[in-house]
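Geometric and topological summary
Each chain, letter by letter, is given below.
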Amino acid sequence: MSKSFTRALELTGQYAGLIAFTIFTTFPFIWATSVAISEDPSNIWLFPGAFLPTDPGLMWFKRVITDIPFKDYLLNSTIISFWTIIFTVIISVMAGYPLARLRFPGRGLIFIGIIATMMLPSEVAIIPNFVTLKHIGDFFEAAIGYKLIGLNTFAGVYLPTVAGAFGIFLMKQAFEQIPQDLIDAARVDGAKELQILWRVMVPVSAPSIAALAIFTLVNAWNEFIWSGIVLTSRDKYPLAVGMFNDLTGPFAVSTSMVMAGIVLSVLPVLIFFAFTQRYFISGLDGAVK
Amino acid sequence: MKTSSYTAIAYLFLAPALILMGVFTFWPVGYNAYLAFNDYSIADATATWNNFEHFKYLYGEDLFHQALKNSLLFLLVVPVIQVAALLVAKLVNNKLPGMTFFRAAFYIPVITAISIAGIVWLNVYKYDGILTWFLQSLGLIEEQVNWLGEPKIAIYMVMIFTFWKGIGYYMVLYLAGLQAIPTEVEEAAVLDGANAWQRFWKITVPMVKPTILLCTLLSTIAALKAFQEVVVLTRGQADTYTALYYVYAQAFTNFNFGRAAAAGLVVTFFCVLLAIVQFRFFGEKK
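So, here is what we can say about the structure in this document. (Residues numbered from 1 in each chain as written. Chains lettered and ligands numbered in written order. Predicted model: local features only at pLDDT ≥ 70, side-chain atom pairs only at ≥ 80, totals over all residues. Heavy atoms only, no water.)

What follows covers the overall build of chain B. What chain B contains, in helices and strands, is 14 helices and two strands. The C-alpha radius of gyration of chain B comes to 24 Å, more than 25% above the 19 Å expected for a compact globule of 286 residues. Principal axes of the C-alpha set define a box for chain B whose edges measure 75 × 75 × 30 Å. For chain B, the residues scored as buried account for 51% of the 286 residues in total. (Helix = DSSP H or I, 4+ residues; strand = E, 2+ residues; numbered from the N terminus. Rg over C-alpha atoms; globule rule 2.2 N^0.38 Å. Buried < 20%, exposed > 50% of the residue type's maximum accessible area, 1.4 Å probe, protein only.)

Given below as structure tokens:
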């Protein structure tokens, strides 16, 4: 009897802890959701009643979509994230392959150089990169009449971030685990290095590439400081910048609308997370080892 | 295989990464050091040499001192978040119904943009917000408090936000560490009559020690670099400047790039110092 009693007590304790901590991590969102779907804003500051919606409806969401260029921000976030992922994956795969499987002079030094960047505070690069982008933008504007890469361009947001130690390291680790026989067999069949990379290494490492793409997406989607500095016109803002500026600025007066804006902003990430959850654990797992 | 035949192809494959890193990662470190000794004018993009003037200024400025002090104070988050993350990881490592849900719930703050999460917390911290209500109903406070406006407490409020936002990340790292422990070890300890507390101290903690070291270093670096939470919560008001927020504000509010670069160089110095300690620490293990 005592054994099953202890077990029941243990279980109750565990679930109590889990639920308490769930409340801690989710209460701001639960409150935001409740306020957002309450058309009547009278008791949003009256707790605990504020956690239950009063007069439920979608009015505030409609207001966000009509009053704030939410859809434009969403599109900008999508474009920026898309190119960030494409370039990050290509660059990391290309750089990871020789570091993992080819012998060449300077390999050790290059690898140490790349890994060493993990130790530097990347925030310090913000000022020089801002200056560099201004120069590059001016250069292109003078040469071709168009700021190809520069301040207030999407490329200016994603290009400085796409070559990073994390992605290169992750792909190097993945490529190192592939059996040499597979590569040798391809070489015997007369495959060139690019074919080996594309036909052998990439398909076998698909799970690692997926993990890299997912991490890159979440980082690019949530990135806030750098895009806020590079992008100067409102119609180019991604969600994280545009919603922050609008909801702490002109629309801050209506808490209901602010909360509806937050719920709408968090929703895409939540939906994405629901489908890719297991990669977050396995991906981080791989990065640590 | 011959070495020489692969050299060209290796460098060709590495070229995009090396060029981009060269321009946007390596060059900035050098250029930042150069800017630290110059006055930079954004209007005509010119730099004029001015020796150690920025450093002299920083040495004598109270705001910068306070920013450094706050950055060190931020290290208080490290032990708290690490202990909590390990305990939570232990809790979600059990195979019980609903565990996927709980893990997801703890990870949501991590995947939420800091700007968006910041706006919710601005409301949590309002003087008539949830925090005030919660502490009032527990009988811990009587008056309403302007949590982000009071100089003595605002920085701790920023730290609580950091804790809330980051704990899920470390939880996942610890979870990975815990899952590497063979179940037999724990089962054997149960048979030997070890209670939960003993098992935690004698088995779990020693077995995840490498993860504890890694996470502690990661969160120490993160704490020293904290500034985005200041941007979204207080904009430096109520004595909440951190070292990197100082850099950010000097550059993009005051447009004093030289002074910002000098302050950035000081932060870089601390980070490199920490990195050397880290290498020593991990180097000995291997």
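All right, on to empty space enclosed by the protein then. On inspection of all chains with the given rule, the structure shows three cavities of 30 Å³ or more. Its volume calculated, the largest cavity comes out at about 70 Å³. Lining the largest cavity are A:Glu123, A:Ile126, A:Ile127, B:Phe227, B:Leu244, B:Val247, B:Tyr248, B:Ala251 and B:Phe252. Among the secondary structure elements, those contributing two or more residues to the lining of the largest cavity are helix H5 (126–144) of chain A together with helix H13 (243–252) of chain B. A per-class count over the lining of the largest cavity returns eight nonpolar, no polar and one charged. In this structure, the second largest cavity is lined by A:Trp221, A:Asn222, A:Leu239, A:Ala240, A:Ser265, A:Val266, A:Val269, B:Thr112, B:Ala113 and B:Ile116. When residues of the lining of the second largest cavity are traced back to their parent elements, those giving at least two are helix H10 (206–222), helix H12 (239–248) and helix H13 (255–288) of chain A. Per-element tally for the lining of the second largest cavity: the top contributor is H13(A), with three residues. Looking at side-chain class alone, the lining of the second largest cavity contains seven nonpolar, three polar and no charged residues. (1 Å grid on protein atoms, 1.4 Å probe; cavity = no way out; pocket = protein on both sides within 12 Å on 5 of 7 lines; lining within 4 Å. Points joined across faces, edges and corners; volume = space filled by probe spheres on them. Nonpolar A, V, L, I, M, F, W, Y, C, P; charged D, E, K, R; others polar.)

Quick look at the layout of surface pockets now. For the second largest pocket, the calculated volume is near 1,200 Å³. Taken together, 26 residues line the second largest pocket, and the ones lying closest to its centre are A:Glu10, B:Lys90, B:Asn94, B:Glu186 and B:Arg199. Those elements giving two or more residues to the lining of the second largest pocket turn out to be helix H1 (2–36) of chain A together with helix H4 (77–92), helix H8 (154–179), helix H9 (183–191) and helix H10 (196–207) of chain B. Split by residue class, the lining of the second largest pocket holds eleven nonpolar, seven polar and eight charged.

A:Phe175, A:Met243, A:Ile262, B:Phe106 and B:Phe252 are the most contacted members of the largest nonpolar core, which has 187 residues in total. When residues of this core are assigned to their parent elements, the largest contribution, 15 residues, is made by H8(B). Contact partners of A:Ile262, with chain neighbours within four places excluded, come to A:Leu247, B:Ile116, B:Ile119 and B:Val120. (Core = buried A, V, L, I, M, F, W, Y, C linked by side-chain atoms within 4.5 Å. Contact = heavy atoms within 4.5 Å.)

In this section: a nonpolar patch on the surface. Residue and element names in this part refer to chain A. There is a patch of nonpolar side chains on the surface, built from Phe82, Trp83, Ile86 and Ile90 and spanning about 350 Å² of accessible area. Tracing the backbone through its elements, the reader meets Phe82 in helix H3 (residues 70–101). Its relative accessible area of 45% is what places Phe82 among the partly exposed residues. (Patch = residues over 30% accessible without salt bridge, like charges linked within 9 Å, V, L, I, M, F, W, Y side chains within 5 Å. Areas by Shrake-Rupley, 256 points an atom, 1.4 Å probe, with all protein chains shown as cover. Salt bridge = Lys/Arg side-chain N within 4 Å of Asp/Glu carboxyl O.)

Moving on to the pattern of salt bridges. All chains considered together, the criterion is met by ten salt bridges over all chains. A salt bridge links A:Lys134 to A:Asp138; the shortest N-O distance between them is 3.7 Å. Placement of both A:Lys134 and A:Asp138 in helix H5 is noted, with a separation of four residues, approximately one turn of the helix. Looking at A:Asp138, the relative accessible area reads 37%, which means it is partly exposed. Across the pair B:Arg199 and B:Glu186 runs a salt bridge whose closest N-O atoms are separated by 3.6 Å. Of this pair, B:Arg199 sits in helix H10 while B:Glu186 sits in helix H9, and the two are 13 residues apart along the sequence. What makes B:Arg199 buried here is its relative accessible area of 16%.

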